[in-house]
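One letter stands for each residue in the lines below.
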Amino acid sequence: MVTACKYHEQTKHTPERVRTNTFSLDFENKPRPYKIYEDISQISLGESLQSLDKPALAAIATSSPEPRLDADPPSLDAQSLQTLCHYATGVTKTLKRRGRKMRFRAAACTGKLYHVDLYAVIGAVDGLDPGVYHFDPDTESFDVLRVGDYRGVLAQATDDFSAVANAPMTFVATSQWWRNAWKYRNRTYRHAFWDSGTILATLLAVASALGHESSVVAGFADEPVVRLLGIDPEEEAPLELVPVGSGSPAPDAQDIEQIDPDEVPLSDHVVAYPLVFDAWRQSTLGDNEAVRAWRQQFTEVDDHAFGTHDRGDGRLVTLDPVDTSTASSRPVTTTIERRGSLREYSHDAISDRKVATILDRALRGVPTDCGEAASHLVDYYCLVHAVEGIPSGAYQYHPEATVLERLGETSRQTAGHLALDQSVVGEAAVNVYIMADVDSIVEQVGNRGYRLAQLLGGISLGRLYLATYAHRTLGGRGFTFYDDLVSEHLSPRAANQTPMTLFAFGKRVE
Ligand SMILES: Cc1cc2nc3c(=O)[nH]c(=O)nc-3n(C[C@H](O)[C@H](O)[C@H](O)COP(=O)(O)O)c2cc1C
């Protein structure tokens, strides 16, 4: 039985562990990055995607769509489902590298291993029967797991959380562990939340651009969701729910007959990493009462219970993000299509207003079922290397005041060392670390709280990607790090915190 704190500790990268690591990848046994069911009917909803002109910078920053003047809210239909799935986890580009075709997906993923899948639990929407569907990114069609309106099961599993109980469609994100554990082994439990986080960032942004409410639901009874999807959590487990749309009450929960659909094996053999499943299992919630009690804890904590930090006495740099009329208007869908992970950065300084805009739009907080308190789970730190008007240094970013507070010196060389000795990280103009006090979080809201902290790291990373790629000349990439070295570098402020995720961005080499 592993607690989240122990799991986190055991899976930290240290220079020593990396130096003595003898693990090598078995390419003959590399898993396929998507699942194939043996005998399940598939439906294709056609290839037409909705074109969305809402600017990416606006779509990522608004958790709910602006109130509409027209009387009827837009309806969700089959085309919306296709659009949401394509831009969240579909194949958005194919590139030829060393004579081989490589397919890249909408959202960034550790090792390009694409282990996170989306399922949609749907009531009555135009052009599609109610049912439980699995999105197949290989063919961009839908595997039909169940026919009928099963939304009540999710409503009950979330203790009748209103966004789920009234959504015409709710997505469930899962990780099929082996698809990531092939390379990352026990770290896959962390990666599940990082990599579902980047997908959720795009899903929320596209939902907003379509004109629909959406949010992230971290509190749900796991077992009924597992049963509904017909998965085995030792191999694939549910991570979070995302209800989209409103005004469509779910029927009462119906009985869920057992299903166990056969799948084509992912590779010759699966290597088990029991720690991953155990860490997940130790964070499950048993039933709707457990969900209610878990969520209740967030209403009882004060702003500092999770070990995050208010402003101290460091020198402040006031940031001045551009307003909506002068912000880049690159549409969200174009931004997702243009997104990639940049490997080479110019050393040129980037504009302070662009940096301000990226931080402001990407790090405004995520709508979750845990309310306002969830915005106090993580802090944001920046290593600035080349930004016009901002001296190089380590800073804490305070989103509510849009200021950077100076903490001390840094250097490009140190930045590369912290990031698992990837010197390219120091070449970028800015590095953003999303940090959390894992011990305090687990003390207050248990092992399930650790899931949420890692997920917020992943969603922030996904939003930082989108906010960066909304600007034509900029690019960025998620990176991994030596956990404790990062905490030390940002101490004393961040001495109690440990990094969840890291994003580096800067100017592309022309
Ligand atoms: C959480 C996270 C951590 C990552 N860490 C690294 C890293 O340490 N080094 C690296 O070169 N790329 C890293 N990446 C980038 C992935 O390799 C990249 O997303 C993947 O190859 C897919 O390519 P794309 O982002 O261009 O679509 C990371 C991505 C994510 C989402």
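Everything numeric in this text was worked out from a predicted model, so none of it was measured.

Considerations on the pattern of salt bridges
Any two side chains of opposite charge can pair if their charged atoms end up close together.
Then comes step 1: Taken as a whole and judged by the stated rule, the model has 19 salt bridges.
Then comes step 2: One salt bridge connects D360 with R361, and the closest N-O pair in it is separated by 2.9 Å. For the pair D360 and R361, a shared accessibility class is recorded, and that class is buried.
Then comes step 3: For E409, the salt bridge goes to R406, with nearest N and O atoms at 3.2 Å.

A word on the sheet that holds strand β1 (residues 42–43)
Then comes step 1: Strand order in the open sheet formed by six strands is β1-β6-β5-β4-β7-β8, and the pairing between neighbours is antiparallel. With partners counted over all chains shown, the strands left at the sheet margins are β1 and β8 (236–244), one partner each.
Then comes step 2: Bridge count between strand β7 (residues 169–176) and β8: eight bridges; the pairing is antiparallel. Bridge assignment links S175 to a residue of β8, and that residue is A237.

Some words on the side chain of S141
Then comes step 1: Among the secondary structure elements, S141 is positioned in strand β6 (residues 141–147).
Then comes step 2: At 2.5 Å, the side chain of S141 forms a polar contact with the side chain of T139.

What about the site of the ligand?
Then comes step 1: Near the ligand, the surroundings consist of 19 residues, among which R339, S341, Q422, R477 and T480 are the closest.
Then comes step 2: Between the ligand and C109, the relevant distance is 3.3 Å, taken from an oxygen atom to a main-chain nitrogen or oxygen of the residue.
Then comes step 3: Between the ligand and Q422, the relevant distance is 2.8 Å, taken from a nitrogen atom to a side-chain nitrogen or oxygen of the residue.
Then comes step 4: If you list the elements that add at least two residues to the shell around the ligand, you get α8 (188–210), α16 (438–469) and β14 (474–479).

Things to note about the domain arrangement of the chain
Then comes step 1: In terms of domains, the chain is made up of domain 1 (30–255 + 274–300) and domain 2 (316–507).
Then comes step 2: Here the C-alpha centroids of domain 1 and domain 2 sit 25 Å apart.
Then comes step 3: Residue-level contacts link 53 residues of domain 1 with 50 residues of domain 2.
Then comes step 4: Buried surface at the junction of domain 1 and domain 2, both sides included, amounts to about 4,200 Å², of which 65% is carbon and sulfur.
Then comes step 5: It is L57, I60 and F298 that lose the most area in domain 1 upon contact with domain 2, and together they represent 19% of the buried surface on that side.
Then comes step 6: Linking domain 1 to domain 2 there are four salt bridges.
Then comes step 7: With a closest N to O distance of 2.7 Å, R448 and D222 form a salt bridge.
Then comes step 8: There are 24 residue pairs in polar contact (both at pLDDT 80 or more) connecting domain 1 and domain 2.
Then comes step 9: Listing elements by their share of the side of domain 1 that touches domain 2, those giving two or more residues are α3 (56–61), β2 (91–97), α8, β8 and α11 (288–300).
Then comes step 10: Tallied by class, the residues present in the side of domain 1 that touches domain 2 amount to 31 nonpolar, 13 polar and nine charged.

Observations concerning the packing of aromatic side chains
Then comes step 1: In the structure shown here, the tally under the stated rule is 16 aromatic pairs.
Then comes step 2: Note on F135 and F142: the rings are 5.3 Å apart at their centroids and 50 degrees apart in plane angle, and the pair reads as tilted.
Then comes step 3: The structure contains a cluster of three or more aromatic residues connected by ring pairs, namely Y7, W177, Y189, F193 and Y450.
Then comes step 4: A cation over an aromatic ring shows up here: R146 above the ring of Y150, its NZ or CZ 5.4 Å from the ring centre.
Then comes step 5: Sitting above the plane of the Y465 ring, R339 keeps its charged end 4.8 Å from the centroid.

Section: the environment of A106
Then comes step 1: Along the chain, A106 turns up in the loop between β3 (100–105) and β4 (116–122).
Then comes step 2: The class for A106 is buried, based on a relative accessible area of 0%.
Then comes step 3: The sequence separation of A106 and V317 amounts to 211 residues, and the corresponding C-alpha distance is 34 Å.
Then comes step 4: Excluding residues within four positions of it along the chain, A106 makes contact with H86, Y87, A88, T89, G90, T92, I336 and R339.

Parameters and conventions
Residues numbered from 1 in each chain as written. Predicted model: local features only at pLDDT ≥ 70, side-chain atom pairs only at ≥ 80, totals over all residues. Heavy atoms only, no water. Salt bridge = Lys/Arg side-chain N within 4 Å of Asp/Glu carboxyl O. Buried < 20%, exposed > 50% of the residue type's maximum accessible area, 1.4 Å probe, protein only. Pairing = 2+ DSSP bridges. Helix = DSSP H or I, 4+ residues; strand = E, 2+ residues; numbered from the N terminus. Polar contact = N/O pair within 3.5 Å; in protein donor to acceptor, adjacent residues only side chain to side chain. Near = heavy atom within 4 Å. Domains from an automatic or database assignment. Contact = heavy atoms within 4.5 Å. Buried area = accessible area lost by both parts, 1.4 Å probe. Nonpolar A, V, L, I, M, F, W, Y, C, P; charged D, E, K, R; others polar. Phe/Tyr/Trp six-rings, centres within 6.5 Å; stacked < 30°, edge-to-face > 60°. Lys NZ or Arg CZ within 6 Å of the ring centre and 35° of its normal.

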